[in-house]
Amino acid sequence: MSIVQIDMLALAGNPNYFSTLTATNITQPAISLLSYNSAFEAQVIGQNATARNIADLPWQAFHEAGIYHKASNSLYVTSNFESIEDNINITVVSLEDYSITSTQFPDLWEANGGTSYYPPGSDMSQTPPQQIYCDQGDLNHYSSLVAVDPSTNISKVILTNFLGRNFSSLNDVRQHPYTGDLWITDPDYGHVQGLRPLPVLPGQVYRFEPGTGVIQVVADGFVKPNGLEFSPDYKTVYITDTGAVQYNLNLTGPSTIYAFDVTPDEKRLVNRRVFAFVDSGIPDGIHTDTDGNVWASCGDGVHIWNPEGILLGKIFVGETSNNFAFAPGKVFVFSNKRLWVVENIKAQGREVCKDFGVGCSSPRRH
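Residues numbered from 1 in each chain as written. Predicted model: local features only at pLDDT ≥ 70, side-chain atom pairs only at ≥ 80, totals over all residues. Heavy atoms only, no water.

Q: Can you walk me through the overall build of the chain in this structure?
A: Along the chain, the regular secondary structure elements total four helices and 28 strands. Over its C-alpha trace the chain gives a radius of gyration of 19 Å, about what one expects of a compact globule, namely 21 Å for 366 residues. When the backbone C-alpha atoms are referred to their principal axes, the chain occupies close to 55 × 45 × 45 Å. Counting only contacts in the chain whose residues sit at least 6 apart along the sequence, the fraction spanning at least 24 positions is 53%. Total accessible area on the chain stands at roughly 14,700 Å², and carbon and sulfur atoms take up 50% of it. Where the 22 positive side-chain charges of the chain centre and where its 37 negative ones centre are 5 Å apart. (Helix = DSSP H or I, 4+ residues; strand = E, 2+ residues; numbered from the N terminus. Rg over C-alpha atoms; globule rule 2.2 N^0.38 Å. Contact = heavy atoms within 4.5 Å. Areas by Shrake-Rupley, 256 points an atom, 1.4 Å probe, with all protein chains shown as cover. Lys, Arg positive; Asp, Glu negative; His and termini not counted. Charge placed at Lys NZ, Arg CZ, Asp CG, Glu CD.)

Shown next as structure tokens:
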């Protein structure tokens, strides 16, 4: 497909610039690629990318997570919250033919973000044997981290509280590939949606050691800490604050990605600074590629910045994207009822080597 070039100088002087751009004035959601910088086509998307819709369902099957399961060659995606009476499903997308099924796991009630998972003692030179989900919890169940083995349908709750105080509604999680620690965000969106009681903790970011039980607060000062991701060298952590969306949309609230340095002992965060502010919606799910570019799901699709925080381009779908997932040579974009794919891309997601066992340029540290 053709890439739409954005004239940054024309945009700088014309607040109505996008009203003249066909790709951003659609009556029905559709996918297009918008280039804000020459590096978008040259280094990120490449010359041969194609994009299309692969699912359009009557319910919101494609919301968060997007965890690869190698044994079944499938992507596990959490659906969106519908009501307290209906637990959130896990949507399973086959990467063989893009067919779709649904499942649920024991002790997982209102799943949101997740990642592949090495339990303590695992061989980290192999692909991850399990998945871990942030369970927002409900009025009868604690918000938790739940480890799942999709091959056996066995689940294990591994974390429910910070030193006795239950979390608000855990949102997203990443595992440090060298230490095995889990880094977690905890906004209060469960209470906002009416499925959780009043919070007893502020919106914070935590580091949890699944082998020892040690837990620490590593960052605070957020309205709604949401997505979290490591840079490919694991020296930087990116955390999104989606406080512009609480009970309603407030465009003066934070819609911001912050960057932090990881301390040499790989246990703390320092040097907080603004990395990027989103021009459409909020930055929800966030990932990096192996070149250090930062990708985030936003109000009109997926936005991509270089490591200096300069916007390179967008995968524009004309509606809110909550998250996305990389696979070798492609990226899947979730927008609740719809699932999109961009294939033949040049970029490789940070986790593709670990999860798929392909495209590894150097031996894994373990």
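Picking up after the structure, the text goes on.
Q: What is the right way to look at the sheet that holds strand β27 (residues 330–335) in this model?
A: Either a parallel or an antiparallel arrangement is found when strands of a sheet pair, and the pairing is made through backbone hydrogen bonds. As summarised here, the arrangement of the four strands in space is β3-β28-β27-β26, forming an open sheet in which the pairing is antiparallel. Each having just a single partner strand, β3 (50–56) and β26 (323–327) make up the two edges of the open sheet. On average, each strand axis in the sheet is tilted by 20° relative to the strand beside it, whichever way the strands run. Pairing analysis gives six bridges linking β3 to strand β28 (residues 338–343), with the strands arranged antiparallel. Across the sheet, Asn 53 pairs through a bridge with Trp 340, a residue of β28. (Pairing = 2+ DSSP bridges. Axes fitted to C-alpha atoms, helices over the stretch in contact; angles between N-to-C directions.)

Q: Can you walk me through the UniProt feature "domain: SMP-30/Gluconolactonase/LRE-like region" (unreviewed entry) in the chain in this structure?
A: UniProt annotation of "domain: SMP-30/Gluconolactonase/LRE-like region" (unreviewed entry) refers to residues 145–322 when read in the numbering used here. Structurally, residues 145–322 is divided into 2% helix and 45% strand, and its ends, taken at the C-alpha atoms, are 20 Å apart. (UniProt positions renumbered as here; feature names shortened; annotations may be inferred.)

Q: Help me out: how do you make sense of the sheet that holds strand β21 (residues 269–277) in this one?
A: If you trace the four strands from one edge of the open sheet to the other, you get β18-β19-β20-β21, paired in antiparallel fashion. Of all strands in the sheet, those with a lone pairing partner are β18 (225–230) and β21, marking the two edges. Taken over all neighbouring pairs, the strand axes of this sheet differ in orientation by 25° on average, direction set aside. Pairing analysis gives six bridges linking strand β19 (residues 236–241) to strand β20 (residues 256–262), with the strands arranged antiparallel. The partner of Thr 236 across the bridge, within β20, is Asp 261.

Q: Looking at this structure, I do not really get the pattern of salt bridges. What am I missing?
A: Oppositely charged side chains can pair when the atoms bearing their charge come close. Taken as a whole and assessed by the stated rule, the structure comprises 17 salt bridges. Between Asp 181 and Arg 207 there is a salt bridge, with the nearest N and O atoms lying 2.7 Å from each other. With Asp 181 in the loop between β14 (172–175) and β15 (182–186) and Arg 207 in strand β16 (residues 204–208), this pair connects stretches of sequence that are 26 residues apart. Judged on exposure class, the residue Asp 181 and its partner Arg 207 are both buried. Each of Asp 172, Arg 174, Glu 229, Arg 350, Glu 351, Lys 354 and Asp 355 takes part in one network of salt bridges that share partners. (Salt bridge = Lys/Arg side-chain N within 4 Å of Asp/Glu carboxyl O. Buried < 20%, exposed > 50% of the residue type's maximum accessible area, 1.4 Å probe, protein only.)

Q: Help me understand the environment of Tyr 118 in this model?
A: Turning to its location among the elements, Tyr 118 is positioned in the loop between β8 (111–117) and β9 (130–135). We classify Tyr 118 as buried; its relative accessible area is 3%. Leaving out residues up to four positions away in the same chain, Tyr 118 has contacts with Asp 123, Met 124, Gln 126, Thr 127, Pro 128, Pro 129, Gln 175 and Lys 354. Here the side chain of Tyr 118 touches Gln 126 through a polar contact of 2.5 Å, landing on its backbone oxygen. (Polar contact = N/O pair within 3.5 Å; in protein donor to acceptor, adjacent residues only side chain to side chain.)

Q: Just checking my understanding: could you explain the pairing of β20 for this structure?
A: Each regular strand carries side chains that alternate between the two faces of the sheet. Burial analysis of β20 places six of its seven residues in the buried class, the great majority of the element. Taken together, the six bridges between β20 and β21 define a ladder with antiparallel strand orientation. Considered in β21, the bridge of Thr 256 is made with Phe 277. Remark: six residues form the turn of the hairpin made by β20 and β21, two consecutive strands paired antiparallel; Glu 266 in that turn has positive phi of roughly 60°.

Q: What exactly am I supposed to notice about the environment of Ile 315 here?
A: Among the secondary structure elements, Ile 315 is positioned in strand β25 (residues 311–316). When the C-alpha positions of Ile 315 and Val 274 are compared, they lie 23 Å apart, and in sequence the two are 41 residues distant. Non-local contacts of Ile 315, meaning those with residues more than four positions away in its chain, are made with Ile 31, Ser 32, Leu 33, Trp 295, Asp 300, Gly 301, Val 302, Ile 304, Val 331, Val 333 and Val 342.

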